[in-house]
Amino acid sequence: MNRGKSNNETLIEMDRTAWSGGEENSGFHSGSDKETLQLENAESVLSVVSECTSAVSVCSSHSSVNVCEQCERENTEPQQHLTSFKGIWRKRALFLKYRSRVDKQQQSKDSVYFRDGVRRIDFVLSYIDDKEGEKKQDRRKEFEANLERAGLELEVEDKSESEDGRTYFLKIHVPWEVLTTYADVLKIKVPFKTNDIPEKKGVPMSWLCTPYRLPEHVMQPEPDYFTATFDKSKTDFFLIEDKETFFPPSTRNRIVYYILSRCPYNKEDKDKKGIKRLLNNGTYAAAFPLHDCRYWTRSPDTNCDSERYSLYKYWARFSRFYKEQPLNLIRKYYGEKIGIYFAWLGFYTEMLSYAAVVGLLCFIYGLASFKENVWSQEICNETIGGEIVMCPLCDKKCGYWKLNTTCSSSWQSYLFDNTATVFFAIFMGIWVTLFLEFWKRRQARLEYEWDLVDMEEEQQQMQLRPEYETKCTHRRRNHVTQELEWVLDQTPADKAGRFILCWATVVLWISLIIASIIGVIAYRLAVFAAFASIMKESPTSKLDVVGNLITPQFATSVTASCINFVIIMILNFLYERVAIKITDMEVPKTHVEYENKLTVKMFLFQFVNYYSSCFYVAFFKGKFVGYPGDYAYMFGKWRNEECEPGGCLIELTTQLVIVMVGKQVWGNIQEALVPWLRNWWVSRSARNHPESLYSRWEQDHDLQSFSQLGLFYEYLEMVIQFGFITLFVASFPLAPLLALMNNILEVRVDAWKFTTQFRRPVASKAHSIGAWEEILNMIAVFSVVTNAFIVAFTSDMIPRLVYKYTNHDGAENSMEGYINDSLSVFNISEFKLENSPDKEEIPNWFYDQNITTCRYRDYRYPPGHEKQYTHTMQFWHILAAKLAFIIIMEHVVFVVKFFVAWLIPDVPSDVKARIKRERYLIQEYLHTYELEKLKIQLSHNGPNIEKCTCPATEVTPVKLEVLSDCLT
């Protein structure tokens, strides 16, 4: 067993003065009792060292461990008091202590190697040896023995070396034989020839991008090669210059985790296996690959890798927010899956900059054309809006009010509800298509550059989930590969039962969301009357000044949006755990299938949770109100809400800003502030005292672990944001700008977390963003429909255009008189008793002016008309215009979208050429390679000459227990 120490022993501690050559004896401590052991003099120690050194030199030719195998076997016996040791036993114990002490002093605190300084630490397991945890000890013993049978080399760092004095660290190294075996199993691609395709010529005016570029050694950390799937039987086919660096650390830790997740820890029950279970039951406290050396400064250790330092210096600092991302270095350090995420996030942020600029220009247009807003001027005019008396907005508690009290909200609404709104809605429909099509091209280029082409088949066939493998009981022949594969023993009834149970749970939680939204709507209806009563216009009202700025509708909308946001956060917190449990219950076969199932469940829930309130304001509020004398009621109790004369668009904007901005702020607090405070508290001593022994495995042990679903939640957050800026962007052109500002921060916060606050995640492969790509396409199509309906039914754009071009006979069209034309008349004497306001709610000016009618927002015939209170022809003209606008806008945008998608190929032409070139070279080189081997074999085997094997050169193959059901 390749270890420095066994689980049940502690190397004897010796005081430094023992080697000083003085007359006084120094103290030695055995692991637990710490009793002082006397040594006659230092010369005896040196003699012990000289004797045992010769033994070690003999063993060193056979193994790279620190002590010989005989000493190692002896050292597994229970620790004894040093004074009871006799002869070679005593000498051996003294040597072990001396050797351990010397190794520890020579080893850098930044080291990522075993104590021999040769074998790299590819993975670390930490645990606390609980005196009462005998079962845990047995599990660890069996688990580690099985790891050794699989070929891994282990070394224990004693708890006395940890800062808390309680934690053991088991360091794992993957030797070359194991690496090549599992590289073959996992079909890992490795270099076989330097890329000979000339690079494309520089882009014209590329010097303009110089301020955004990073140094070449950071952007391209390794040369470009043609690669092929590794084959252990053809190792001389590949470009293997150095076995220690041939497989990068991300590949090495991926292989270790593959073994750890399939290694059994119980002799009786072979189904009990995997590091995940051992972490859940407390056998091990943590399992993680090591980061490189310190990140905040370059390590003085020349043997220490500096990739982490480069990532922190050029990528994780917020001062680098305007720089490009070192994607190749990210992929090399963290693996392809995390690299793809940051590539997508960076591309999405880059494309958002164009949408943000156009949205800002639309907002500026609203500010610049303020004076042309004739209808708002009429509302604010004392002789027009000041003379129009509006009907009560609620029963009993609401009084009559004058139109000019909504002057402020009318001006605010115009900033987002103007002619530019239509243009921006169409632009965003085309922008989202360009974003998705250009991302496909970018993704195709990364697939080739990162050796991910044809990776999906490998992922499905080779990388089964350990949880799935554990539950498999029999095999079945695959109709495609004609190979036997493990399958679950479940009947169609069991499978259908699980499916129904899972989706019944999802429907139940979606029903909870709908119930909560109905509750918020009931709150809006109930509280509006209270706000209207408090903010009524009265000479004695203390809220009169505020009431002119904050209308009852605005106050209701803001408070309801805040309550809705809190409910959203609570439901998200609860549902996340439910979604994971029901997905686990389905037992997906592969990691890709698991993430896809979880993605569908989570997104469907989040879609309803985040967007339902916005859909209510956009498409339902103010649409089913009725008219004075015949109002519509919710549950027969609360009168449905009306929109202000300026429309419901400003309320949709308010809802969107509160939910979207609140989600981003809360997410940044969770992602940045909380981890920073925690890890600052944990690691402050090491930062303040850089000379103290702060080992690599211990520092990483203190960091937070990166959840296996961590990247899933990062994607989910961004996709929800993508929905906000596309589905409802017609109501808020500044949404892309807010998203851009958040994403600039998000990229650096995520980079900072990965580099400084999280343990190094286990590397994994992914050739795309997975199911999220289909979800983005679905949102893109749906956004065209929602924005067309928002412009048609939520804003007042279509009624204004109809009035402008149909109600004036002169050459110059004008909006004068629009407000009066858009309001219908109702006879106050026809109010029902339950609708009429209380006397104390009616203002004094109402009686002074002898008011007999009130106005309301609709197109109906006035009282006294033969069709009184029914819709006028103008209402039907406007409705026809709205429907025509929806049809025209959708068809125009969809035609442009499909044309753009057809025009832009998904895979760039140069990438197609490189893929063909690489496949051709693989076939050609393999053919040549096989011919050369055949020639060599024939040259060694003449006619009628039997093959002779020289015993001196015969190599015994290393026997490994390969932990993979894929090979059986």
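Rules used throughout
Residues numbered from 1 in each chain as written. Predicted model: local features only at pLDDT ≥ 70, side-chain atom pairs only at ≥ 80, totals over all residues. Heavy atoms only, no water. Pairing = 2+ DSSP bridges. Helix = DSSP H or I, 4+ residues; strand = E, 2+ residues; numbered from the N terminus. Axes fitted to C-alpha atoms, helices over the stretch in contact; angles between N-to-C directions. Contact = heavy atoms within 4.5 Å. Phe/Tyr/Trp six-rings, centres within 6.5 Å; stacked < 30°, edge-to-face > 60°. Buried < 20%, exposed > 50% of the residue type's maximum accessible area, 1.4 Å probe, protein only. Parallel < 35°, antiparallel > 145°, perpendicular 65-115°, else oblique. Left-handed = near helix turned anticlockwise from the far one by under 90°. Nonpolar A, V, L, I, M, F, W, Y, C, P; charged D, E, K, R; others polar. pLDDT = per-residue confidence, 0-100. Expected span 1.5 Å × (residues − 1). Bend = angle between axes of the 7 residues up to and from the residue. Polar contact = N/O pair within 3.5 Å; in protein donor to acceptor, adjacent residues only side chain to side chain. Salt bridge = Lys/Arg side-chain N within 4 Å of Asp/Glu carboxyl O.

Q: Give me the sheet that holds strand β3 (residues 123-128): which residues, what numbers.
A: Reading across from one edge, β4-β5-β3-β8 is the order of the four strands in this open sheet, with antiparallel pairing throughout. The open sheet has two edge strands, β4 (153-157) and β8 (286-288), and neither has a second partner. The sheet shows a mean angle of 20° between the axes of neighbouring strands, direction not considered. In the sheet, β4 pairs with strand β5 (residues 167-173) via five bridges, with the strands oriented antiparallel. Looking at the pairing, Leu154 lines up with Ile172 of β5. Of the strands in this sheet, β3 and β5 touch helix α8 (residues 249-260), which is tilted by about 45° from β3.

Q: Requested: an account of the packing of aromatic side chains, with residues and values cited.
A: For any pair of aromatic rings, the description consists of the separation of the ring centres together with the inter-plane angle of the planes. Applying the stated rule across the entire model yields 69 aromatic pairs. Their ring planes at 20° and their centres at 5.4 Å tell us that Trp344 and Tyr348 sit as a pair that is stacked. In this pair, Trp344 and Tyr348 both sit in helix α12 (residues 336-368), four residues apart, roughly one turn of the helix. Of the residues examined, Trp344 reaches a relative accessible area of 0% and is grouped as buried. The exposure class assigned to Tyr348 is buried, which follows from its relative accessible area of 0%.

Q: Quick one: what's the story with the packing of helix α20 (residues 552-586) against helix α21 (residues 591-619), residue by residue and with numbers?
A: Interaxial distance between α20 and α21 falls to 10 Å at its minimum, and their mutual angle equals 160°. Our classification of the angle between α20 and α21 gives roughly antiparallel. The handedness of the crossing between α20 and α21 comes out as right-handed. When the residues that make up the contact of α20 with α21 are grouped by side-chain class, the tally is 12 nonpolar, six polar and five charged.

Q: Give a description of the confidence of the model for the chain that names residues and reports values.
A: Mean pLDDT over the chain stands at 77; residues scoring 70 or higher make up 76%. This model gives residues 1-86 a pLDDT under 50, and the stretch forms 139 contacts once residues within four places in sequence are excluded. The low-confidence segment residues 537-547, where pLDDT is below 50, has seven contacts with residues more than four positions distant or belonging to other chains.

Q: Outline α20, supporting the account with residue identities and numerical values.
A: Under the 1.5 Å per step criterion, the end-to-end length of α20 is 49 Å for 35 residues, consistent within 8% with the ideal 51 Å. Its maximal kink placed at Tyr575, α20 deviates by approximately 25°. Phi for Val587, located one or two positions after α20, is positive at around 50°.

Q: Requested: an account of the pairing of β3, with residues and values cited.
A: In terms of burial, β3 is a largely internal element, five of the six residues being buried. Direction of pairing for β3 relative to β5: antiparallel, over a ladder of six bridges. In the strand pairing of β5, Val124 is matched with Lys171. Taken together, the three bridges between β3 and β8 define a ladder with antiparallel strand orientation. Bridge pairing in β8 places Ser126 opposite Ala286.

Q: With reference to specific residues and values, describe the side chain of Lys897.
A: Secondary-structure assignment places Lys897 in helix α30 (residues 873-903). Separated by 2.6 Å, the side chains of Lys897 and Thr433 make a polar contact. When near neighbours in sequence (up to four residues on either side) are disregarded, Lys897 contacts Gly429, Val432, Thr433, Ala780 and Val784.

Q: Please provide a residue-by-residue account of the pattern of salt bridges, values included.
A: Overall, the coordinates contain 31 salt bridges when judged by the stated rule. Asp395 is the partner of Arg639 in a salt bridge, and the nearest nitrogen-oxygen pair spans 2.9 Å. Note that Arg639 is positioned in strand β16 (residues 638-639) and Asp395 in the loop between β9 (389-390) and β10 (401-402), a separation of 244 residues in sequence. Residue Arg639 shares its accessibility class with Asp395, and that shared class is buried.

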